[in-house]
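As a plain string of letters, each chain reads:
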Amino acid sequence: MPAPPQFIKYVDDNANGFIQRLAKAVQIPSVSGDASYRKHVFEMATFLEGELQAVGAQVKRVPLGKQVLDGQEIDLPPALLASIGNDPKKKTILCYGHYDVQPALKSDGWDTEPFQLVVNEKTGQLIGRGSTDDKGPVLGWINILEAHKKLGLELPVNLKFCFEGMEESGSEGLDDLIKSEVGKGKFFDGVEAICISDNYWLNTRTPCLTYGLRGISYYNVTIRGPAKDLHSGAFGRTVHEPMTDLIHIMSRLVTPQGKILIPGVEDLVAPLVTGEKERYDALDYSIQDVEAAVGAPIALSDDKATVLMGRMREPSLSLHGIEGAFSAAGAKTVIPAKVSGKFSIRLVPNQTPDNIDPLVISYIQSEFKKLGSKNTLIIENLHGGKPWMADPTHWNYVAATKATEAIYNKKPDLTREGGSIPVTLTFAESLGVNVLLLPMGRGDDGAHSFNEKLDRSNYIEGTKLLGTYLYEVGSI
Ligand SMILES: NCC(=O)N[C@@H](Cc1c[nH]cn1)C(=O)O
Ligand SMILES: [Zn+2]
Ligand SMILES: [Zn+2]
């Protein structure tokens, strides 16, 4: 059953109000990975709690304990568990999203202030940190509830929400909460399917439904030697330099073509099955789409299926940064005393953090040993999550397909996403129900990058899409 026309009209008529709601959310710099921003993550939880209550949801704010971050013990932001409707004749859908964001500084390369939503009237872009990842989609659900409350319309399903503030930092504390809320009379009791809107179309034209995510294992490799930073004139070629050791190790993890050099890691990848390559060939995608999304002609291959398989069904190892390295302007002649290299591996079936971590650790230890360095090596796994795959023929996907056709007049592509939302697998396994990823934004939104945006049309049509999906579920 399509959504009622008055719902669609309400969304169109109230688009500016919905953009104001997004502007208020973007203004709160809810960066979960930096202890000095933690108060803002709490502020964002309070904002969202208020928005949910104002549109008629019952909200429970669940503390998740503490964590150690940047050497300080601090409170984890709360999970918001909300619900609306409890009609035994209706299906019950759980919606998950996150209210924390990646860090953003104007100096990273933003053209505008990252925490002020800028509406570009010419391009229709809503620019600001969190606009597409994941504040826009989270507020899409609130917009739907507002429309139903204001119109006096009955919701077609019972809804539960789980919104967290630590997704960008490993979802600390959430797995335990989910497991503790499963069972008779608990919060997740009765949930029949899950919808997550926290990913993107493959391109800028064709909506998609996503049935797979890569997992992740994130590492921190520290090398320390001298008791303090040293003058390179006084001590160069006199001592083992931590940065030289670290660069040597980091250069032996992955080739510039993307091949992972850690023995055994690529051997665990599930083999290609008959007909699988054809599925990648059939997706609406081109090398120009990669080039447009990254802003340069630097794709690893000219073959579309090869590029898509590299993102969707193969692991990748990315080097992220070096903490402690000199990085300011000028020409400081320092030998840093302690440096930490950060890298992560995106995991695919049949890789898991449990079978990958030992391979990574023993390889780095043996490479370090070969150096004959007297410095000290420490390897830490900062966080991890397994890859996830769902059944895309389930009624949850059928409903989302119908909704996409109703709003966009197009059949959605079926995709696997290269990113990770580790809690997806926890939900799927703990609740034993189908999970659907139904994205709002486009492939060129620049999540995690500077100038992150969500197109106005994706925000507004995306709100209609999520609402229509609920009606389609309600009539299955
Ligand atoms: N929109 C999902 C997303 O961006 N997920 C992050 C999760 C993550 C893992 N470690 C740090 N963040 C991703 O990078 O895929
Ligand atoms: Zn996200
Ligand atoms: Zn993200």
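Just above sits the structure.
Residues numbered from 1 in each chain as written. Chains lettered and ligands numbered in written order. Predicted model: local features only at pLDDT ≥ 70, side-chain atom pairs only at ≥ 80, totals over all residues. Heavy atoms only, no water.

### A few points about helix α13 (residues 423–431)
Thinking step 1. Buried residues dominate α13, accounting for seven of its nine residues.
Thinking step 2. Count one or two residues on from α13 and you reach Gly-432, which has phi positive near 65°. (Buried < 20%, exposed > 50% of the residue type's maximum accessible area, 1.4 Å probe, protein only. Helix = DSSP H or I, 4+ residues; strand = E, 2+ residues; numbered from the N terminus.)

### Topic: the coordination of the zinc ion (ligand 2)
Thinking step 1. Those protein atoms acting as donors to the zinc ion (ligand 2) are His-98 (NE2), Asp-133 (OD), Asp-198 (OD) and Asp-198 (OD), and they sit at 2.0 to 2.7 Å.
Thinking step 2. Positions of the donor residues of the zinc ion (ligand 2) along the chain correspond to the pattern H-x34-D-x64-D.
Thinking step 3. A relative accessible area of 4% means that Asp-133 is categorised as buried. (Donors = N, O, S within 2.8 Å, 3.2 Å for Na, K, Ca; no water.)

### Some remarks on the site of ligand 1
Thinking step 1. Surveying the vicinity of ligand 1 reveals the residues Asp-133, Glu-167, Glu-168, Asp-198, Tyr-200, Ile-216, Arg-346, His-383, Gly-419, Ser-420, Ile-421 and His-448.
Thinking step 2. Within the contact set of ligand 1, an oxygen atom lies 2.7 Å away from a side-chain nitrogen or oxygen of Arg-346.
Thinking step 3. His-448 is positioned such that a nitrogen or oxygen atom in its side chain is 2.8 Å from an oxygen atom of ligand 1.
Thinking step 4. Out of a free accessible area of 380 Å², ligand 1 has 90% covered by protein chains.
Thinking step 5. Here the shell around ligand 1 is composed, by residue class, of three nonpolar, four polar and five charged.
Thinking step 6. Domain assignment of the residues forming the shell around ligand 1 places at least three in each of domain 1 (5–213 + 387–474) and domain 2 (215–269 + 314–385). (Near = heavy atom within 4 Å. Polar contact = N/O pair within 3.5 Å; in protein donor to acceptor, adjacent residues only side chain to side chain. Areas by Shrake-Rupley, 256 points an atom, 1.4 Å probe, with all protein chains shown as cover. Nonpolar A, V, L, I, M, F, W, Y, C, P; charged D, E, K, R; others polar. Domains from an automatic or database assignment.)

### Concerning the pairing of strand β8 (residues 158–164)
Thinking step 1. Within β8, seven of the seven residues are buried, leaving the element largely enclosed by the surrounding structure.
Thinking step 2. Judged by which residues are buried, β8 turns out to be covered on both faces: Asn-158, Lys-160, Cys-162 and Glu-164 on one side and Leu-159, Phe-161 and Phe-163 on the other are all buried.
Thinking step 3. Pairing geometry for strand β5 (residues 92–98) and β8, over seven bridges, is parallel. For Gly-97, the partnering residue across the bridge sits in β8 and is Phe-163. (Pairing = 2+ DSSP bridges.)

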